[in-house]
Amino acid sequence: QVQLVESGGGLVQAGGSLRLSCTASMRTSSTYTMGWFRQAPGKEREFVSATNWSGGRTIYADSVKGRFTISRDNSKNTVYLQMNSLAPEDTAVYYCAADRQFSVSSTEESYDYWGQGTQVTVSS
């Protein structure tokens, strides 16, 4: 069982930046695909970004492409989401997820483990 703990959320003004972190409890998670999802109030959870085990392959939702960057440090069992040029529509609870498969997926059903989420609020 892998436990994921997110951190780094908070309140930021539009145009600002935040960096989210997600630390996994098991070293073997360094072989997992890691993803970020988010859920805004009243909306379904949606895919944000994902990276393969090495960080060499990354995918992004169109809504965040060019603004968000996913990366990972396997020596720290941690994946990051650097969020720049934040807008009010980025306000959501952000979830980290781990997929035991090597393929990089944007679908929730592919992911086996989930964190509890961290709140990101962007004020206008």
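Above this text is the structure in question.
Residues numbered from 1 in each chain as written. Predicted model: local features only at pLDDT ≥ 70, side-chain atom pairs only at ≥ 80, totals over all residues. Heavy atoms only, no water.

Please explain the packing of aromatic side chains as it appears in this structure.
Under the criterion given, the structure shown has five aromatic pairs. Both rings, one in Phe37 and one in Phe47, keep their centres 5.6 Å apart while their planes meet at 75°; by these two values the pair is edge-to-face. Of this pair, Phe37 sits in strand β4 (residues 33–39) while Phe47 is found in strand β5 (residues 46–51), placing the two residues 10 residues apart along the sequence. You can call Phe37 buried: its relative accessible area is 1%. For the ring pair Phe37 and Trp114, a centre distance of 5.0 Å and an interplane angle of 55° mean the geometry is tilted. Of the two residues, Phe37 sits in strand β4 while Trp114 sits in strand β10 (residues 113–114), which places them 77 residues apart along the sequence. Residue Trp114 is classed as partly exposed on the basis of its relative accessible area, which comes to 25%. An aromatic cluster is built from Phe37, Phe47, Tyr111 and Trp114, whose rings are joined through pairwise contacts. A cation over a ring is seen here: Arg45 above Tyr95, with NZ or CZ 4.8 Å from the ring centre. Lying over the aromatic face of Trp114, Arg45 brings its terminal NZ or CZ to 3.9 Å of the ring centre. (Phe/Tyr/Trp six-rings, centres within 6.5 Å; stacked < 30°, edge-to-face > 60°. Helix = DSSP H or I, 4+ residues; strand = E, 2+ residues; numbered from the N terminus. Buried < 20%, exposed > 50% of the residue type's maximum accessible area, 1.4 Å probe, protein only. Lys NZ or Arg CZ within 6 Å of the ring centre and 35° of its normal.)

Explain unusual backbone geometry to me, please; I cannot follow it from the model alone.
Backbone geometry follows two general trends: most residues other than glycine have a negative phi, and most peptide bonds adopt the trans configuration. With a phi close to 55°, Asn77 is a non-glycine residue in the positive phi region. Counting through the fold element by element, Asn77 comes out in the loop between β7 (68–73) and β8 (78–83). Note on Asn77: relative accessible area 17%, which makes it buried. For Ser85, which is not a glycine, the phi torsion comes out positive at approximately 50°. Positionally, Ser85 belongs in the loop between β8 and β9 (92–99). Exposure remark for Ser85: the relative accessible area of 46% places this residue in the partly exposed category.

What's the story with the side chain of Arg38 in this structure? I'm lost.
Structurally, Arg38 is set in strand β4. Looking at Arg38, the relative accessible area reads 6%, which means it is buried. Here Glu46 takes part through its side chain, which lies 2.6 Å from a polar atom of the side chain of Arg38. In this structure the side chain of Arg38 is engaged in a polar contact, spanning 3.5 Å, whose partner is the side chain of Ser63. Setting aside residues up to four positions removed in sequence, Arg38 forms contacts with Glu44, Arg45, Glu46, Val48, Ser63, Val64, Phe68, Glu89, Asp90, Ala92, Val93 and Tyr94. (Polar contact = N/O pair within 3.5 Å; in protein donor to acceptor, adjacent residues only side chain to side chain. Contact = heavy atoms within 4.5 Å.)

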